[in-house]
Amino acid sequence: MFIYYALLLLGLVPLLRGHVTFTWYNKAYWYVLVPIILCFGYLTGSDWRNYELEWNLINVDNYNPFEDGYEEPGYWFLCYYAKKIGLGFWELNILIKLIGYYAFLRIYRFFDNN
């Protein structure tokens, strides 16, 4: 656990030293190291088990997220198509986390430049 926090805090060193621009060190940190830590976590959070159980209930032949009582039909719509093309539960969740993380970085850099 110490290594996890130490690596995240390591990225704050340039900010504390006044280097807030994206240098090669910052880019390597924010585009490689932080996504590995945040997006590839196997058991991140406490509700992942419920999602995995519902993933196993998805029947690719007969599925309607609006009628089957799922609380998040948009997410389960993505799960349905991911399962249909052969992606696994963890691959889909890692992909969703990476897309969300890089979207956050793009929005942050857009507003940082203005």
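Below is a summary of the structure that appears in this document. (Residues numbered from 1 in each chain as written. Predicted model: local features only at pLDDT ≥ 70, side-chain atom pairs only at ≥ 80, totals over all residues. Heavy atoms only, no water.)

## Thoughts on the environment of Trp-76
Part 1 of the argument: Assignment of secondary structure puts Trp-76 in helix 5 (residues 73-85).
Part 2 of the argument: The exposure class of Trp-76 is buried, given its relative accessible area of 2%.
Part 3 of the argument: Separated by 18 residues in the primary sequence, Trp-76 and Ile-58 place their C-alpha atoms 8.6 Å from one another. (Helix = DSSP H or I, 4+ residues; strand = E, 2+ residues; numbered from the N terminus. Buried < 20%, exposed > 50% of the residue type's maximum accessible area, 1.4 Å probe, protein only.)

## Comments concerning the packing of aromatic side chains
The description of an aromatic ring pair rests on the distance of the ring centres and on the angle between the ring planes.
Part 1 of the argument: In the structure shown here, the tally under the stated rule is nine aromatic pairs.
Part 2 of the argument: Consider the rings of Tyr-31 and Tyr-102, whose centres lie 6.0 Å apart with planes at 15°: the pair is stacked. Of this pair, Tyr-31 sits in helix 3 (residues 24-39) while Tyr-102 sits in helix 6 (residues 89-113); the two residues are 71 residues apart in sequence, bridging distant segments of the chain.
Part 3 of the argument: For Tyr-31, a relative accessible area of 26% translates into the label partly exposed. (Phe/Tyr/Trp six-rings, centres within 6.5 Å; stacked < 30°, edge-to-face > 60°.)

## Looking at the packing of helix 4 (residues 48-57) against helix 5
The angle between the axes and the distance between the axes are what describe a pair of packed helices.
Part 1 of the argument: Where helix 4 contacts helix 5, the two axes come as close as 10 Å, and the packing angle between them is 55°. Judged by the angle between their axes, helix 4 and helix 5 are oblique. For helix 4 against helix 5, the interelement crossing comes out right-handed. Residue-level inspection shows Tyr-51, Glu-54, Trp-55 and Asn-56 of helix 4 in contact with helix 5, the latter providing Tyr-75, Trp-76, Cys-79, Ala-82 and Lys-83.
Part 2 of the argument: For the contact of helix 4 with helix 5, the per-class residue count stands at six nonpolar, one polar and two charged. (Axes fitted to C-alpha atoms, helices over the stretch in contact; angles between N-to-C directions. Parallel < 35°, antiparallel > 145°, perpendicular 65-115°, else oblique. Left-handed = near helix turned anticlockwise from the far one by under 90°. Contact = heavy atoms within 4.5 Å. Nonpolar A, V, L, I, M, F, W, Y, C, P; charged D, E, K, R; others polar.)

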